[in-house]
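Each chain is listed here by its residues.
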Amino acid sequence: SIVQDCSVGRYNWVKISNSSPVQVGARVPHFSLRTQSEEEHLLMDLCSQNNIHNLFVFATKINEPFLIETKNRFSRYEKYIAIHPVSVSLEAVPEGWPSILVDEENMFETLMGVQETGYILVRPDQHIAFRASPADPGLLTEYLKKIFI
């Protein structure tokens, strides 16, 4: 596939021909997202903070139980993993999340190969370690048990 850097307005992303999502093992693309407070964050910057893994939790149609379940289920890894909810809308963001990343046009979701719900785990070296869409908490738990004994 052919990879090229693209930008439109405030969005930056990597375009991959043939609609191929970024694969496990690949470096995270150059992409920016904003938070509910309108702050811009480059994905690479988010993934290089604190030398920990980053779990992007996609919830296109926000449903509070899914996000709360994810937060509760993976809270035991909070020293090793930063959890970043990603949504197309801020209308129904559950309380208790310090920051929600907004993907209004589903560009990030499409690039990462996620539909509706999903998990993308990024290692501290900014490479994708795990991807599941739809989100499968059991599968992610099994993966995390292997790397965080």
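Located above this text is the structure these notes cover.
Scope of this entry: the structure provided in the associated data block.

What follows covers the overall build of the protein chain. The number of helices and strands found in the protein chain is four helices and nine strands. Listing each helix as α and each strand as β along the protein chain from the N terminus yields β-β-β-β-α-β-α-β-β-α-β-β-α. Residue pairs in contact within the protein chain that sit at least 24 positions apart in sequence constitute 56% of those at least 6 positions apart. As displayed, the protein chain has an accessible area near 8,000 Å², and 49% of this comes from carbon and sulfur atoms.

Here we come to the pairing of strand S5 (residues 53-59). Extensive coverage of S5 is indicated by the burial of seven of its seven residues. Burial along S5 is two-sided: the residues His-53, Leu-55, Val-57 and Ala-59 and Asn-54, Phe-56 and Phe-58 are all buried. Here six bridges tie S5 to strand S6 (residues 81-87), and the two strands are oriented parallel to one another. Residue His-53 lies in a different strand from S6, and its bridge partner there is Ile-81. When S5 meets strand S8 (residues 117-122), the two strands line up antiparallel, connected through six bridges. Within S8, the residue paired with Val-57 across the bridge is Tyr-119.

Let us look at the environment of Asp-103. By the secondary structure assignment, Asp-103 is in the loop between strand S7 (101-102) and helix H3 (107-112). We classify Asp-103 as buried; its relative accessible area is 2%. Taking C-alpha positions, Asp-103 is 9.5 Å from Phe-58, a pair spaced 45 residues apart along the chain. Filtering out sequence-adjacent residues up to four positions away, Asp-103 remains in contact with Leu-33, Val-86, Ser-87, Val-88, Phe-108 and Glu-109.

The next subject is the pairing of S8. Among the six residues that make up S8, six are buried, leaving the element largely enclosed by the rest of the structure. Side chains of S8 alternate between two faces, with Thr-117, Tyr-119 and Leu-121 and Gly-118, Ile-120 and Val-122 buried alike. Sheet topology places S8 next to strand S9 (residues 128-132); four bridges connect them, and they run antiparallel. Its bridge partner being in S9, Val-122 is matched across the sheet by Ile-128. The antiparallel pairing of S8 with S9 creates a hairpin that spans five residues between the two strands, and Gln-126 there sits at a positive phi of about 70 degrees.

Okay, the packing of aromatic side chains next. Evaluated as defined, the whole model comprises seven aromatic pairs. Aromatic side chains Phe-58 and Phe-108 sit 5.3 Å apart centroid to centroid with 35 degrees between the ring planes, which places their arrangement in the tilted category. Of this pair, Phe-58 sits in strand S5 while Phe-108 sits in helix H3; the two residues are 50 residues apart in sequence, bridging distant segments of the chain. Aromatic side chains Phe-74 and Tyr-119 sit 6.0 Å apart centroid to centroid with 85 degrees between the ring planes, which places their arrangement in the edge-to-face category. Of this pair, Phe-74 sits in the loop between helix H2 (64-73) and S6 while Tyr-119 sits in strand S8, placing them 45 residues apart in sequence. Neither residue differs from the other here; Phe-74 and Tyr-119 are each classed as buried. Through a chain of ring-to-ring contacts, the aromatic side chains of Phe-31, Phe-56, Phe-58 and Phe-108 assemble into a single cluster.

The rules we used
- Residues numbered from 1 in each chain as written.
- Predicted model: local features only at pLDDT ≥ 70, side-chain atom pairs only at ≥ 80, totals over all residues.
- Heavy atoms only, no water.
- Helix = DSSP H or I, 4+ residues; strand = E, 2+ residues; numbered from the N terminus.
- Contact = heavy atoms within 4.5 Å.
- Areas by Shrake-Rupley, 256 points an atom, 1.4 Å probe, with all protein chains shown as cover.
- Buried < 20%, exposed > 50% of the residue type's maximum accessible area, 1.4 Å probe, protein only.
- Pairing = 2+ DSSP bridges.
- Phe/Tyr/Trp six-rings, centres within 6.5 Å; stacked < 30°, edge-to-face > 60°.

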